Amino acid sequence: MSRIISKEIFKYGIRNTIGSELIPRGAASDSLGWVTKGDSIESSRGRAVHGDEDTAIGKVRGLFFGFTATGTPVLFKKASTKVQYLDTTTNTWTDSITGLDADDEYTFAEYHSLAGAFVYIGGKGGLFKICTANPADSTSLYVDGTNFKGKITIGDARMFLWDRVKDGTGLNYSYVDSVIYTTVSGESIGALGSTTYTGTLAFRASNLLSTCFAVSFLEASGETFTDNYDGTLTGDAGGTGTINYTTGAYSVTFNAVTTGAVTVDYQHENSNNNGITDFTSSTPRLAGEGGSFRQDQGGDRILNVEKYDGKFYSMKKRSVYELSMTIDDTNATNLIYRNGIGMENFRASVATGEGIVFIDSANPNKPRLVRLQKNITGDSIEPEDLMPNFDLSGFLFNDCAIDTWGENVVFTGRTLASTTNNKLFRYNTRVRSMDILPFAARVFATDAGVLYTGDTLSNNIYKTFTGFDDEGFEIENFWDGNDDKFDAERLKRVRRLEFRGQIEKTQNVEVYGMFDNDIFELLGTIRGDSNYVDLTQPYVIGTTEIGSSEIGGGTPTVDEPVTIYNYAVRFKINTPKFYRMKLRYKYTGIGFASISQQKDVDIRLFRERIPVKYRIGDVNLDGTEV
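First things first, this report covers the structure right here in the doc. If you're wondering where the values come from, they're calculated on a predicted model, not measured in any experiment.

1. Looking at the pairing of strand β44 (residues 521-527)
Across six bridges, the pairing between strand β43 (residues 508-515) and β44 is antiparallel. Bridging from a neighbouring strand, Gly 513 pairs with Glu 521 of β44. Hairpin connection between β43 and β44: a loop of five residues separates the two successive antiparallel strands, and Asp 516 in this loop has a positive phi of roughly 55 degrees.

2. Observations concerning the sheet that holds strand β14 (residues 158-162)
Read across the sheet, four strands follow the order β13-β14-β15-β24 without closing on themselves; strand pairing throughout is antiparallel. Looking along the sheet, the strands with just one partner apiece sit at the ends: β13 (151-155) and β24 (291-294). Between one strand and the next, the sheet's axes are offset by a mean angle of 25 degrees, whatever the strand orientation. Sheet topology places β13 next to β14; five bridges connect them, and they run antiparallel. Bridge assignment links Lys 151 to a residue of β14, and that residue is Trp 162.

3. Digging into the environment of Asn 172
Among the secondary structure elements, Asn 172 is positioned in strand β15 (residues 170-173). For Asn 172, a relative accessible area of 4% corresponds to the buried category. Separated by 118 residues in sequence, Asn 172 and Gly 290 have C-alpha atoms that sit 7.6 Å apart. In contact with Asn 172, other than residues within four places in its own chain, are Phe 148, Met 159, Phe 160, Leu 161, Arg 164, Phe 279, Gly 291 and Ser 292.

4. A look at unusual backbone geometry
A cis geometry characterises the amide bond from Thr 283 onward to Pro 284, with omega recorded as 0 degrees. Of note, Pro 284 is situated in the loop between β23 (262-269) and β24. In this structure, Ala 448 takes a positive phi of about 50 degrees despite not being glycine. Of note, Ala 448 is situated in the loop between β38 (443-447) and β39 (450-454). Non-glycine residue Asp 602 carries a positive phi angle of around 65 degrees. Within the secondary structure, Asp 602 sits in strand β48 (residues 593-605). Judged by relative accessible area, which is 9%, Asp 602 ranks as buried.

5. Describing the sheet that holds strand β28 (residues 332-339)
Spatially, four strands are ordered β25-β26-β27-β28 in an open sheet, and the strand pairing comes out antiparallel. Of all the strands in the sheet, the pair left with one neighbour each is β25 (304-308) and β28. Each strand of the sheet is rotated relative to its neighbour by a mean of 25 degrees, with strand direction disregarded. Of the strand pairs in this sheet, β25 and strand β26 (residues 311-315) are connected by five bridges, and their pairing is antiparallel. Within β26, the residue paired with Tyr 308 across the bridge is Lys 311.

6. Considerations on the nonpolar core
Core analysis: the biggest nonpolar cluster contains 34 residues, and Tyr 120, Leu 201 and Phe 217 have the highest contact counts within it. By residue number, the principal contributor to this core is strand β18 (residues 211-219), which donates four residues. Those residues in contact with Leu 201 that sit more than four places away from it in its chain are Glu 187, Cys 212, Phe 217, Ile 243, Gly 248, Tyr 250, Val 264 and Tyr 266. Formed by 33 residues, the second largest nonpolar core is a distinct cluster that contains Tyr 308, Met 343, Phe 425 and Met 434.

Calculation notes
Residues numbered from 1 in each chain as written. Predicted model: local features only at pLDDT ≥ 70, side-chain atom pairs only at ≥ 80, totals over all residues. Heavy atoms only, no water. Pairing = 2+ DSSP bridges. Helix = DSSP H or I, 4+ residues; strand = E, 2+ residues; numbered from the N terminus. Axes fitted to C-alpha atoms, helices over the stretch in contact; angles between N-to-C directions. Buried < 20%, exposed > 50% of the residue type's maximum accessible area, 1.4 Å probe, protein only. Contact = heavy atoms within 4.5 Å. Core = buried A, V, L, I, M, F, W, Y, C linked by side-chain atoms within 4.5 Å.

Purely geometric stuff here, so don't read any function into it on its own.
Following this line, the structure appears as structure tokens:
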């Protein structure tokens, strides 16, 4: 006996929107889950953010976006012996700090105050300050007895520093920024009779640790220049100028030849003087001064410090400490928060609005993606396993980095056979799904919806999930659905498959089927140039991503708006009698395609029997055939 039915597999579809990667768009039915493991999704790494790739062997050991006072992003990286920034005008990496140890890791922290917009950089080689308006220049702030060398973060207007060479379990903290500025008024620049004035502000000669701000040039009874806080100066009569807040170098051009003497007013600060890089304190310590907390239990080093819900959590290999400081800085609690949880690499945690997400590898045989978050009563922080049914035991996370990207948490790891990271994991917080992608990355940074990754074997930075290719090459990729038994405990056959969606002319999608764990066989191909594509109704989408644009790092010529068309196609197939069927979609061209609806049509049900290849008759007690 047989009967004919029609079964709609899913309603929301799969959009190949970025990097020729299949991305879930909405909820899926039980028969077509989004959770994948291994190499079931292949995609592009992205494209380099500078003109030519660096072919030298190395690793990116720090990546960070800082912002100017006017909101312009500046991308920094630590690679080889240098900290560099991406000059978007010349599209090249330019040195900011040189002479570092090539193997040292560095951390970055952004800080904005009345004194300007800064990025502070900390590591074994020193403590540095960069004005983001002048990223090519830096100030070395390390002074023995005043501060330290180590990893850093900034919170509550003070710096926290840890992982010193001779002290791995102490958490040091600086002054609360006390806003001690030095004001300079009427500094002489030059006599009348010129148009352009260049030079260096006088503060720099005796204050090498200071940076300036609020710079104003004045012509007696004439034009006045004001500071735009982005390194430029604007005259009220049309003149222009520039100021380097780190070096004090200036150049101002008046609208006309000056008829009065030129002077300048400004302020400068030294953050080592009661600022966020001053770690000193009185005896006894006073509120707002620097100090340290001991976090020695277990003897394992502090790896990272994250702020959540007004408290600071020190992430270690086998434990987590919780530090709570009162608003008036007169009292604090510094206690072990949890034993038996921890992580292996200092980049393996990230603070989000919902909690601290990290790779818990305290039990190396069972790594987990965990979030420290408020419990339902809101009076304590509890760990939650975000993917309890997803097995990460086949991967190592000793060089893991983790970050947030839109509604995703992304983190890196490696297979047991690899010596460097070769997998990128993407956990979607909305649909609670996990994808594993074959990307080699060890650091992350995000800006304007774009995910940047630093390479594991070179000094290159890549914009990941941008475009439909991998540096101009096609990407071989596929997506596997789950085994589907069609809600029937019977053998069955499917005679037709129906697909609807949108596709670009240059793209093709091959559809494969697997029946009862056999090999995949080609069932049909959806072609963008076929006559079942409606070419009378074009649609234009995105440039590099749907709904976003490319920010920073140049404009690759392959990123053009994409024209797509609706299609509807039915395959006539002849499947064997099967119990379970799995579909695979493989994109074979460069371009866009989506599958917004897929139906199994003309499904014929048969007796409740096992598939033929397993059918060998009854067996005796010891399992052999009778």
